[in-house]
Amino acid sequence: MKKLNFNPGPSALPAEVIKTAQESMFNYEDSGLSVVELSHRAPLYEDIHFQAMNRVRSLLEVPDDFEILFLQGGASLQFAMLPMNFLTPEKKGAYVLTGSWSEKAYQEAERVGSVYTIASSQDSEYRTIPEVDLSSCSEDTAYVHVTSNNTIFGTQWQQLPLKGNAPVFVDASSDIFSQEINWDNVDVVYAGAQKNAGPSGITVVIMKKSLMKDGNKDIPKILSYDTHAKGESLYHTPPTGSIYLLGLVMKWIEDNGGVKAMNVAANEKAALLYNVIDESNGFYVGHSDKDSRSLMNVTFRISDEVLEKKFIKEADEAGFIGIKGHRSVGGCRASIYNAVPKEHVETLATFMKEFQNNNQ
Ligand SMILES: *Cc1c(COP(=O)(O)O)cnc(C)c1O
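Quantities reported herein were computed from a predicted structural model and do not represent experimental measurements.

A. Quick look at the site of the ligand. Taken together, 13 residues lie around the ligand, and Ser76, Thr151, Asp171, Gln194 and Lys195 are the ones closest in. Between the ligand and the protein, one listed contact pairs an oxygen atom with a side-chain N or O atom of serine 76 at 2.6 Å. Lysine 195 has a polar side-chain atom sitting 2.7 Å from an oxygen atom of the ligand. Across the complex, the protein chains shield 88% of the 390 Å² of accessible surface that the ligand would expose by itself. Counted by class, the shell around the ligand contains three nonpolar, eight polar and two charged residues.

B. Local environment of the pattern of salt bridges. All told, the structure shown has 15 salt bridges when counted by the stated rule. Across the salt bridge formed by lysine 208 and aspartate 187, the nearest N and O atoms sit 3.9 Å from each other. Of this pair, lysine 208 sits in strand 10 (residues 203-208) while aspartate 187 sits in the loop between strand 8 (168-171) and strand 9 (188-192), and the two are 21 residues apart along the sequence. Aspartate 187 gets classed as buried once you look at its relative accessible area, which sits at 5%. Among the salt bridges present, the one from lysine 251 reaches aspartate 255, with a minimum N-O distance of 2.8 Å. Of this pair, lysine 251 and aspartate 255 are both found in helix 7 (residues 240-255), four residues apart, which corresponds to roughly one turn of the helix. Overall, the relative accessible area of 51% leaves aspartate 255 in the exposed class. One salt-bridge network, held together by shared partners, links Lys163, Asp187 and Lys208.

C. Local environment of a nonpolar patch on the surface. Residues Met25, Phe26 and Val36 make up a contiguous nonpolar surface patch of about 330 Å² in total accessible area. Structurally, the position occupied by valine 36 is in the loop between helix 1 (15-24) and helix 2 (43-59). Accessibility expressed as a relative area gives 43% for valine 36, which makes it partly exposed.

D. Region of the structure containing the sheet that holds strand 14 (residues 332-335). Strand order across the open sheet formed by three strands is 11-12-14, with antiparallel pairing between neighbours. Only two strands of the sheet have a single neighbouring strand rather than two, namely strand 11 (284-286) and strand 14. For this sheet, the mean inter-axis angle between neighbouring strands, taken without regard to orientation, is 35°. Examined bridge by bridge, strand 12 (residues 297-302) and strand 14 share four bridges and lie antiparallel to one another. In the sheet register, valine 298 faces strand 14, and the bridge partner there is alanine 334. Contacts from helix 8 (residues 258-278) reach strand 11, strand 12 and strand 14, with the element oriented near 20° to strand 12.

What counts as what
Once a new chain begins, its residue numbering starts again from 1 and follows that chain's sequence as written. Given that the model is predicted, a residue must reach a pLDDT of at least 70 before its local features are reported, and side-chain atom pairs must reach 80 or more before they are shown or counted; all residues, however, enter totals for whole chains, interfaces and linings. Computation of side-chain values covers all heavy atoms of the structure but excludes hydrogens and water. Working definition: residue near molecule or strand if any one of its non-hydrogen atoms lies within 4 Å of it. Contacts described as polar in this section are N or O atom pairs within 3.5 Å, which, within protein, must combine one atom able to donate a hydrogen with one able to accept it, while residues neighboring in sequence count only if both atoms come from side chains. Under the convention used here, a 1.4 Å probe and the Shrake-Rupley method define accessible areas, while residue burial counts only the protein chains that appear. All residues other than Ala, Val, Leu, Ile, Met, Phe, Trp, Tyr, Cys, Pro, Asp, Glu, Lys and Arg, Gly among them, are scored as polar; the first ten of these are nonpolar and the last four charged. Note on definitions: salt bridges are taken to be side-chain nitrogens of Lys or Arg within 4 Å of carboxyl oxygens of Asp or Glu. Note on conventions: DSSP H or I runs of at least 4 residues are helices, E runs of at least 2 residues are strands, and numbering of each starts at the N terminus. Each residue's exposure class comes from its accessible area (1.4 Å probe, protein chains only) as a fraction of the maximum for that residue type: buried when under 20%, exposed when over 50%, partly exposed otherwise. Exposure above 30% relative accessible area and the absence of a salt bridge qualify a residue for a patch, where like charges join within 9 Å and nonpolar side chains (Val, Leu, Ile, Met, Phe, Trp, Tyr) within 5 Å. Paired strands are those between which DSSP finds at least two bridges. All axes are obtained by fitting lines to C-alpha atoms, using only the stretch in contact for helices, and the reported angles, taken between N-to-C directions, cover 0 to 180 degrees. Every residue pair with non-hydrogen atoms within 4.5 Å of one another is taken to be in contact.

Given below as structure tokens:
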């Protein structure tokens, strides 16, 4: 049976990417080797590596004074690596808490140095993106950490806050490449690839070069951004297969109109589901406040718990994958990242309407 993949991550990859990858598994570019057998020092791999990096730069219009790094350890390692590099005994990390991932980032930083919360929507069960004025950060703020899209709760900054004096670090794991980035307002953008940019095993970190030079020197070399920048993300063996797939996804985005086109599609796809929720007369209840809704993760509940279980079961039987919400929030969630075709979202919207008609 055909499956419609709404998994939160690892998530859907474009069908064209999977097809090309399949062919490269045997004889990549007539090398007689699989793409995953290439030495990371071989010219054929170097092409893959630097083309992927260049495509990240061109798709997001990354300025020359930012470095692009391909690292391992997921977004979660960044939660620890950022404070290890940039917290000093005199300075504090400021965190905006908008969901589980930002809490995790805060907790990791707390193990490294001093942190404080500059804004939080925890009191409203993370239904909303809080107001925050970054110009009000205290003088001793090393950086401000923001999560641009809250994968679990289904909220997203409609616009990132204006930068104050402190550098701004953004965890964009679940919405990178779905919208343009204003580089004047950020100093670091990082993302585990497995939501919107490729498979798991590779993390994209885009960092202002001037910041990197000032990073702490008394940490293990492998955890220093400077090491990876100097080594062009080839300081040690990179996850070559994951980078190859990430490169194919970058090319797919390019071939499909770039980040602007991804954003148009994301708006259209999200509207399909939010319209069903809004027109359901309370049958479906969205988790997030309307002005904080995510274009990537649509979270909702059915007020009757028995019906909610039935919905999840029938969705599964109909071939929809990944509709059950995260265990910490419950309910339902449809993750509609770049690679999820609009037709799949239309099919889900129709399924939701029919389920309501049949069950109320
Ligand atoms: C998935 C996710 C993470 C965790 O990513 P890992 O690569 O599993 O470490 C962190 N932040 C956000 C916003 C996420 O969606």
